[in-house]
Amino acid sequence: MNSGKLNYKTKINIFFVFMAFLYLSCHFWMGYFDRTLPVAPFNGVLMAVQFAICLLMIRKDSKKGYIVSTVLMTISLIMMTSNIIIRHVLSPLPGVCNMIIYLFALFFLTKQFEYREKDAITDMLTGLTNRRGLFQQLDKKIIAQEPFHIIYVDLGNFKFINDNYGHICGDFVMMTLASRMKQEMQNKGTCSRIGGDEFVIVLNGDLEPGKVAESLLTKLGEKITVPMEGSTIDCYLTSYAGISSFPKDAENYEDLLKYADIAMYKALREHKGRISFFSKEMHQTLNRQVEVEKLIKEALESGFFYLVYQPQYSIHNKKLRGFEALLRMKRSDGVFVSPGEFIPIAENGELILSIDDFVLNRAMNDFKDIVNREGVDFVVSINISAKNIGNNGFVNKVKTIIEQNNFPAKNLEIEITEYCLVDSVDIAIQNIKELRAMGVKVALDDFGTGYSSLSNLAKMPINLLKIDKSLVDDIEKNSKRREFVNTVISLGHQMGCEVISEGVENETQVDILNADHCDFVQGFVWSKPLELDTAIDLAKEEAS
Ligand code: C2E
Ligand code: MG
Ligand code: MG
């Protein structure tokens, strides 16, 4: 830390000593003028200066300032009163009255300042400390070099409760959780609410954070019964926690909070447990993420992104159905970065929206000429992120790009995944319906890897079900997997869709899928992703 410089505590102390000195010198001069210049108004001015100094001290630190100024003013009061008693004169009497009034004023002003200070650091809904209060608290602990742990808690499905049962129910749940937290953390640490459904516990350094977090999450997961218009609703929450420690992981609170948040996010995302400790490896991952984010921005600006197109074929006659556009990044130094790495990183933030825009524009532009030729008919499939599908403006964006490129809507297919149903189900379904109404096809990608409910899937008017590679792998050796894939194909047909298997790598797999009535195939067995020119040649060949 900055040991060479004065820390905050020392600065405050110097301020107080200086102010006390100023106060006493005012007092001395007041006495001096009192004897030599019997000018009453001057006396009053000096007294007002004293009062102003006291107020300044209280503003700086209400508790300390109040103590120091009360002591100093009381000394003045005693001296003035003793003057009246010893010298039997009544001239200091107005001063004594003033001092008493000032003391009362200081008391009430201090209370007012304290109240406002508390208000500024308290979360209105839960009564817990807010973000600002948390920062102050952490700052103090770090200055005092007091070890502590941070437990960053996220309420996994709180948004669901808020969206489905309304904000009154959400507020009730939030208040219940806050009071449970407070109770659980008594004598162990303090709790703050720093965002919609995010809490931070500052835990005393001598406690075992893993155990405390475990029992806290268990407590938060207990049933919450919400009274609702004559009936009740039972809610259960699954929370996740990330832990970082001072001084082990970082020496400033910004990093400590960021690290605990990263650890929490890992627990939430990987489903390997509800609690995760920050580690150096996570730090490396974070650095890599920052690096890749930079590369994505650079690629978007400088044209390091390009598309390759993987053909899709009818399984029974090997007729070309279309191409899936797959994004590639080649850095300025010639090194490739895999979409398996940069797409998930882009999906964490807003960059994925720019990527989707780029791919929609580029793919339609690449194929607009050939697809408008007579006798040519194939689809161009574009992967679109869950964020875009759950966005109100998405359909209009697609419409605009279609019009700009004069690309027939029927030749465009949007690939979505089940994850688009996690956050904004209603908007996603509405968007899919509007796309279909425009004539755009919609495929459900990576089927078999997600967890969404079949009832939600049934609501989605999709054309094509894409069976994920992980289900097709080893299908020729594993009879259980084959049965499973067979069931999925039937399910797809019953939903009124066509079915394609992706990641098909050998002819035996093709034969099995054909026998099981799968409609299409995409995989290295018949073609790897192709450069644009080769893909266009293939499309022309098919048409002739
Ligand atoms: P995906 O959409 O499921 O794409 C299929 C992936 O499987 C592609 O990997 C493709 O090259 C690969 N693949 C196809 N056939 C075979 C096979 O027979 N064997 C093997 N081992 N792999 C095969 P790729 O291009 O690395 O893309 C990975 C994922 O990245 C994609 O999975 C998709 O989720 C995402 N992605 C790629 N391009 C884009 C894009 O333009 N936009 C968005 N939002 N995501 C994209
Ligand atoms: Mg895909
Ligand atoms: Mg896929």
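This report concerns the structure included in the present document. On a predicted model such as this, the values are computed, not experimentally measured, just so you know.

## Overview of the overall build of the chain
Scanning the chain from N- to C-terminus turns up 21 helices and 16 strands. In terms of overall dimensions, the chain is more spread out than a globule: its C-alpha atoms have a radius of gyration of 35 Å, far above the 24 Å expected for 544 residues. Considering only intrachain contacts with a sequence separation of at least 6, the fraction spanning at least 24 residues in the chain is 68%. Accessible surface for the chain amounts to roughly 28,300 Å². Of this, 56% is attributable to carbon and sulfur atoms. Charged side chains of the chain number 59 positive and 68 negative; the gap between the two group centres comes to 8 Å.

## Considering the coordination of the magnesium ion (ligand 3)
Surrounding the magnesium ion (ligand 3) are the protein donor atoms Asp445 (OD), Asp446 (OD), Glu502 (OE) and Glu502 (OE), at 1.9 to 2.8 Å. Taken in sequence order, the residues that donate to the magnesium ion (ligand 3) follow the motif D-D-x55-E. Between the magnesium ion (ligand 3) and the magnesium ion (ligand 2), both coordinated by aspartate 445, there is a metal-metal distance of 3.9 Å. Residue aspartate 445 is classed as buried on the basis of its relative accessible area of 7%.

## Some remarks on a negative patch on the surface
Among the surface-exposed residues, Glu531, Asp533, Asp537, Glu541 and Glu542 lie close enough to one another that they form a single negatively charged patch. Positionally, aspartate 533 belongs in helix α21 (residues 532–543). What makes aspartate 533 exposed here is its relative accessible area of 57%.

## Side note on a nonpolar patch on the surface
A cluster of nonpolar side chains, contributed by Ile67, Val71, Ile75 and Met79, occupies part of the molecular surface with about 350 Å² of accessible area. On the secondary structure map, isoleucine 75 appears in helix α3 (residues 62–87). Taking the relative accessible area as the measure of exposure, isoleucine 75 reaches 37% and is therefore partly exposed.

## Digging into the sheet that holds strand β6 (residues 239–246)
Strand order across the open sheet formed by five strands is β2-β3-β1-β6-β7, with mixed pairing between neighbours. The open sheet has two edge strands with one neighbour each: β2 (189–195) and β7 (275–277). The sheet shows a mean angle of 20° between the axes of neighbouring strands, direction not considered. In this structure, β6 lies alongside β7, joined through three bridges in parallel fashion.

## With respect to the site of ligand 1
Close to ligand 1 lie 22 residues, the nearest being Glu324, Arg328, Asp445, Glu505 and Phe524. In this structure, a nitrogen atom belonging to ligand 1 sits 3.4 Å away from a side-chain N or O atom of aspartate 356. Burial of ligand 1 by the protein chains amounts to 80% of its free accessible area of 800 Å². Breaking the shell around ligand 1 down by element, the ones donating at least two residues are β9 (320–330), α11 (339–348), α12 (351–371) and β13 (441–447). Classifying every residue of the shell around ligand 1 gives nine nonpolar, four polar and nine charged.

## Quick notes on the side chain of aspartate 154
On the secondary structure map, aspartate 154 appears in strand β1 (residues 148–155). This buried residue, aspartate 154, is left without a salt bridge; arginine 131 holds the nearest opposite charge, at 11 Å. In contact with aspartate 154, other than residues within four places in its own chain, are Asp197, Glu198, Thr238, Ser239, Tyr240, Met264 and Leu268.

## Observations regarding the pattern of salt bridges
Summed over all chains, the structure comprises 19 salt bridges. As a salt-bridge pair, aspartate 473 and lysine 469 come within 3.0 Å of each other at their nearest N and O atoms. Of the residues examined, lysine 469 reaches a relative accessible area of 30% and is grouped as partly exposed. Counted as one network, the salt bridges with shared partners bring together Glu324, Glu415, Lys466 and Glu502.

## Here we look at the coordination of the magnesium ion (ligand 2)
Around the magnesium ion (ligand 2), the protein contributes the donor atoms Glu324 (OE), Asn383 (OD1), Glu415 (OE) and Asp445 (OD), at 2.1 to 2.2 Å from the metal centre. Binding-site remark: the magnesium ion (ligand 2) is held by donors from one chain whose sequence spacing is E-x58-N-x31-E-x29-D.

## Details of the environment of phenylalanine 172
Within the secondary structure layout, phenylalanine 172 lies in helix α7 (residues 167–184). Taking C-alpha positions, phenylalanine 172 is 14 Å from glutamate 229, a pair spaced 57 residues apart along the chain. Not counting chain neighbours up to four residues away, the residues in contact with phenylalanine 172 comprise Ile224, Thr225, Val226 and Pro227.

## Regarding the packing of aromatic side chains
All chains considered together, the criterion is met by 13 aromatic pairs. Taking the centre distance of 6.2 Å and the plane angle of 55° together, the rings of tyrosine 66 and phenylalanine 107 count as tilted. With a gap of 41 residues between them, tyrosine 66 in helix α3 and phenylalanine 107 in helix α4 (residues 93–120) connect regions that are remote in the sequence. Taking 5.8 Å as the distance between ring centres and 85° as the angle between the ring planes, the aromatic pair formed by tyrosine 313 and tryptophan 526 counts as edge-to-face.

## Re the environment of arginine 132
Along the chain, the position of arginine 132 falls in helix α5 (residues 131–143). In this structure, the C-alpha to C-alpha distance between arginine 132 and isoleucine 194, residues 62 residues apart in sequence, is 8.5 Å. Once residues within four sequence positions are removed from consideration, arginine 132 is found in contact with Ala120 and Ile121.

## So, the state of the cysteines
By the definition in use, this model includes zero disulfides. Left unpaired, cysteine 518 is separated from the closest cysteine sulfur, that of cysteine 497, by 12 Å. With relative accessibility at 3%, the residue cysteine 518 sits in the buried group.

Thresholds applied
Residues numbered from 1 in each chain as written. Chains lettered and ligands numbered in written order. Predicted model: local features only at pLDDT ≥ 70, side-chain atom pairs only at ≥ 80, totals over all residues. Heavy atoms only, no water. Helix = DSSP H or I, 4+ residues; strand = E, 2+ residues; numbered from the N terminus. Rg over C-alpha atoms; globule rule 2.2 N^0.38 Å. Contact = heavy atoms within 4.5 Å. Areas by Shrake-Rupley, 256 points an atom, 1.4 Å probe, with all protein chains shown as cover. Lys, Arg positive; Asp, Glu negative; His and termini not counted. Charge placed at Lys NZ, Arg CZ, Asp CG, Glu CD. Donors = N, O, S within 2.8 Å, 3.2 Å for Na, K, Ca; no water. Buried < 20%, exposed > 50% of the residue type's maximum accessible area, 1.4 Å probe, protein only. Patch = residues over 30% accessible without salt bridge, like charges linked within 9 Å, V, L, I, M, F, W, Y side chains within 5 Å. Salt bridge = Lys/Arg side-chain N within 4 Å of Asp/Glu carboxyl O. Pairing = 2+ DSSP bridges. Axes fitted to C-alpha atoms, helices over the stretch in contact; angles between N-to-C directions. Near = heavy atom within 4 Å. Polar contact = N/O pair within 3.5 Å; in protein donor to acceptor, adjacent residues only side chain to side chain. Nonpolar A, V, L, I, M, F, W, Y, C, P; charged D, E, K, R; others polar. Phe/Tyr/Trp six-rings, centres within 6.5 Å; stacked < 30°, edge-to-face > 60°. Disulfide = S-S within 2.5 Å.

In short, the description is geometric, and any link to function would need to be established separately.
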